[in-house]
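The residues making up each chain are set out below.
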Amino acid sequence: MATSSVLRRALLYVPASSQKFMTKSLSLASDNITYDLEDSVTPANKQTARTQLRDHLSSLSNKPASIGELAVRINAVSTPYALDDLTTLASAPNLDAIVIPKVNSASDLSFVTDVIRHAAPQRHASDPKANPLKLIALIESAKAVMDLRSICAASPYLSGLIFAAEDFALDLSLTRTPSLSEFLYARSAIVTAARAYDLPSSIDLVCTSYKGPEGVKRLEEECQNGKEMGFNGKQCIHPSQVEVAQRLFAPGEAEVEWSIRVLIADDKASAAGRGAWTLEGKMIDAPVVGKARAVVDKAAKCGMDVESLRQKWKDQKPE
């Protein structure tokens, strides 16, 4: 599945039980809006929220240009609600992805894939023009972490992994600390598996602090920490978190400028038959060039003015 263009720096949960919040979400600028049928909806309101979400998606003539992707978080496969969620919403217009909570094994993804193939076959055609529904799996347990290999290979429509810290802490009887060190193994395993299976998204834990300067500071620290570990996005539980997540999970201006200089100089070095060279005293070889290319590609997807920087550094030469 061609998913390399997917950008999910922020994945914002919006309760499907609130028409007010769903309507407001359409005015936001977010890579992803995920309407939630799981944790934010009580059992008594599941059916109403499901129908309300279907009507909300059907009422849209087009997805807002400021939103990259519209998704729904269904209920876990182990619950009596998942099948109705899928059969009701799989063919809904403007739906791009399905977030699946509590994925404990490959069978959970196989179930969702099979249901969608029957409920919305037009969204699972081999033709790329069919715009297949993407699946994003929430990893929430020790069992899931130990079974990442089979989970990642379970469906051709899998497009990312999400780490659910609170449920993972519950499963292992852990206490979450500001350092997040108790989650190091699980988070490392998730980003490594996502990369190994060429999934475009590895989305980090929720920051539960979001109010006031301290909340913003905590969110920034968590985003930076997650980026350093290899995550390329973050779950958000409040609209105020989206701008911070998208800014910090985008390449920095200095990083983009350096990367463009590397690429321009590398073209000239290659033309001269030089496989390795230096720039500002730093050795540049194939892995460095590859990283620079990835940075520039992502910067372009994030809307950064890459072409102006190319013009600025068009005369850059290898040292």
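Because the structure is a prediction, the values reported are computed rather than measured.

(A) Focus on the UniProt feature "binding site: Mg(2+)" (unreviewed entry) in the protein. Feature annotation in UniProt assigns "binding site: Mg(2+)" (unreviewed entry) to the following positions: Glu-140 and Asp-167. A maximum C-alpha distance of 5.4 Å among these annotated residues, which run over 28 residues, shows that they cluster at one spot. Positionally, Glu-140 belongs in the loop between strand S5 (134-139) and helix H5 (142-146). On the basis of relative accessible area, Glu-140 is assigned to the buried category, the value being 5%. Excluding its chain neighbours within four sequence positions, the residues that come into contact with Glu-140 are Pro-101, Lys-102, Ala-164, Asp-167, Phe-168 and Asp-171. At 2.8 Å, the side chain of Glu-140 and the backbone nitrogen of Lys-102 are in polar contact. Structurally, the position occupied by Asp-167 is in helix H7 (residues 165-172). Here Asp-167 is in contact with Lys-102 and Glu-140, once residues within four sequence places are set aside.

(B) Examining unusual backbone geometry more closely. You will see that Leu-180, though not glycine, has its phi angle at about 60°, which is positive. Positionally, Leu-180 belongs in the loop between H7 and helix H8 (184-196). The phi torsion at Asp-198 lies on the positive side, around 60°, for a residue other than glycine. In this structure, Asp-198 sits in the loop between H8 and strand S7 (201-204).

(C) Local environment of the nonpolar core. Ranked by internal contacts, the top residues of the largest apolar core, which has 68 residues, are Tyr-35, Leu-53, Ile-98, Ile-100, Ile-116 and Leu-161. Among the elements that take part in this core, H8 stands out by supplying six residues, more than any other. The next biggest cluster of nonpolar side chains, apart from the first, holds 17 residues, and it includes Val-262, Ala-269, Val-295 and Ala-299.

(D) Looking closely at the UniProt feature "binding site: substrate" (unreviewed entry) in the protein. The UniProt record marks Arg-73 and Glu-140 with the feature "binding site: substrate" (unreviewed entry), using the residue numbering of this structure. The greatest C-alpha distance among the annotated residues, which extend across 68 residues, is 14.1 Å, indicating that they converge on a single site. Within the fold, Arg-73 resides in strand S3 (residues 70-73). The class of Arg-73 is buried, set by a relative accessible area of 8%. In this view, Arg-73 contacts Tyr-13, Thr-34, Tyr-35, Asp-36, Leu-37, Glu-38, Asp-39, Val-99, Pro-101 and Leu-138; residues no more than four positions away in its chain are not counted.

(E) Spotlight on the pairing of S5. Burial analysis of S5 places six of its six residues in the buried class, which makes it a mostly covered element. Of the strand pairs in this sheet, strand S4 (residues 97-100) and S5 are connected by four bridges, and their pairing is parallel. Paired with Ile-100 across the bridge in S5 is Ala-137. When S5 meets strand S6 (residues 158-163), the two strands line up parallel, connected through five bridges. Across the sheet, Leu-135 pairs through a bridge with Leu-158, a residue of S6.

(F) Just the pattern of salt bridges, in detail. Under the definition given, this model contains 24 salt bridges. As a salt-bridge pair, Glu-222 and Lys-234 come within 3.0 Å of each other at their nearest N and O atoms. Linking Glu-222 in helix H9 (residues 212-229) with Lys-234 in strand S8 (residues 233-236), this pair joins segments that are 12 residues apart in sequence. As far as burial versus exposure is concerned, Glu-222 and Lys-234 are alike and both buried. Salt bridges sharing partners connect three or more residues here, namely Asp-36, Glu-38, Asp-39, Arg-73, Lys-102, Glu-140 and Asp-167.

Rules used throughout
- Residues numbered from 1 in each chain as written.
- Predicted model: local features only at pLDDT ≥ 70, side-chain atom pairs only at ≥ 80, totals over all residues.
- Heavy atoms only, no water.
- UniProt positions renumbered as here; feature names shortened; annotations may be inferred.
- Helix = DSSP H or I, 4+ residues; strand = E, 2+ residues; numbered from the N terminus.
- Buried < 20%, exposed > 50% of the residue type's maximum accessible area, 1.4 Å probe, protein only.
- Contact = heavy atoms within 4.5 Å.
- Polar contact = N/O pair within 3.5 Å; in protein donor to acceptor, adjacent residues only side chain to side chain.
- Core = buried A, V, L, I, M, F, W, Y, C linked by side-chain atoms within 4.5 Å.
- Pairing = 2+ DSSP bridges.
- Salt bridge = Lys/Arg side-chain N within 4 Å of Asp/Glu carboxyl O.

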